[in-house]
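Listed here are the chains, written in short residue letters.
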Amino acid sequence: QVQLVESGGGLVQPGGSLRLSCAADRSIFIKYHMGWYRQAPGNQRELVARITIGGSTNYADSVKGRFTISRDNAKNTVYLQMNTLKPDDTAVYYCNSWPPTRNYWGQGTQVTVSS
């Protein structure tokens, strides 16, 4: 069964940093571009950042300059380094292929930014 497992979330104060990790089956990594998505309460899930197989990146305007997506193909892992976090970044964060594949959604990891 194909799985994507997110980790690294937590409670952080405004201005703080977190690094999220997404471990995936190799069958995904060698085939798909990857993305980090988030969903805040009452909001639709949105794309935060994406990275192609070749390493090109793109970010939502709300996180540009603060978040960095990367991938380690040897470890089958995608990372999201989040700096200068704001309360508006509070959400459940998910990784998936880009564009997303319905069957790949995992449990996500909760990020809460609060003082």
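Fair warning: this is a prediction, and the values are worked out from it, not measured in the lab.

J.: What should I look at first to understand the sheet that holds strand β9 (residues 91–98) in this one?
T.: Ordered in space as β2-β10-β9-β4-β5-β6, the 6 strands form an open sheet in which the pairing is mixed. The open sheet has two edge strands, β2 (10–12) and β6 (57–59), and neither has a second partner. Within the sheet, the average angular offset between the axes of one strand and its neighbour, ignoring direction, is 25 degrees. Where β2 lies against strand β10 (residues 109–113), 3 bridges are found, and the strand directions are parallel. Residue pairing for β10: V12 is matched across the bridge by V113.

J.: Help me out: how do you make sense of the pairing of strand β1 (residues 4–7) in this one?
T.: The side chains of a regular strand alternate between both faces of the sheet. Every second residue of β1 is oriented toward a common face, the buried set being L4 and E6 and the non-buried set V5 and S7. The sheet contact formed by β1 and strand β3 (residues 18–24) spans 4 bridges and is antiparallel. Each residue of the ladder has a partner; that of V5, found in β3, is A23.

J.: Explain the packing of aromatic side chains to me, please; I cannot follow it from the model alone.
T.: Aromatic ring pairs: the centre-centre distance and the angle between the two ring planes describe each pair. Taken as a whole, this structure holds 3 aromatic pairs when the rule is applied. Seen from their ring centres, Y94 and W105 are 5.8 Å apart, and the 80 degrees between their planes marks the pair as edge-to-face. In this pair, Y94 is assigned in strand β9 and W105 in the loop between β9 and β10, connecting sequence segments 11 residues apart. The class of Y94 is buried, set by a relative accessible area of 12%. One aromatic cluster is present, formed by Y37, Y94 and W105 through successive ring pairs.

J.: Teacher, can you tell me more about the sheet that holds strand β7 (residues 67–72) here?
T.: A sheet is described by the order of its strands in space; here 4 strands give the open sequence β1-β3-β8-β7, paired in antiparallel fashion. Single-partner strands in this sheet number two, and they are β1 and β7. Averaged over all adjacent pairs, the angle separating strand axes in this sheet is 15 degrees, with direction ignored.

Calculation criteria
Residues numbered from 1 in each chain as written. Predicted model: local features only at pLDDT ≥ 70, side-chain atom pairs only at ≥ 80, totals over all residues. Heavy atoms only, no water. Pairing = 2+ DSSP bridges. Helix = DSSP H or I, 4+ residues; strand = E, 2+ residues; numbered from the N terminus. Axes fitted to C-alpha atoms, helices over the stretch in contact; angles between N-to-C directions. Buried < 20%, exposed > 50% of the residue type's maximum accessible area, 1.4 Å probe, protein only. Phe/Tyr/Trp six-rings, centres within 6.5 Å; stacked < 30°, edge-to-face > 60°.

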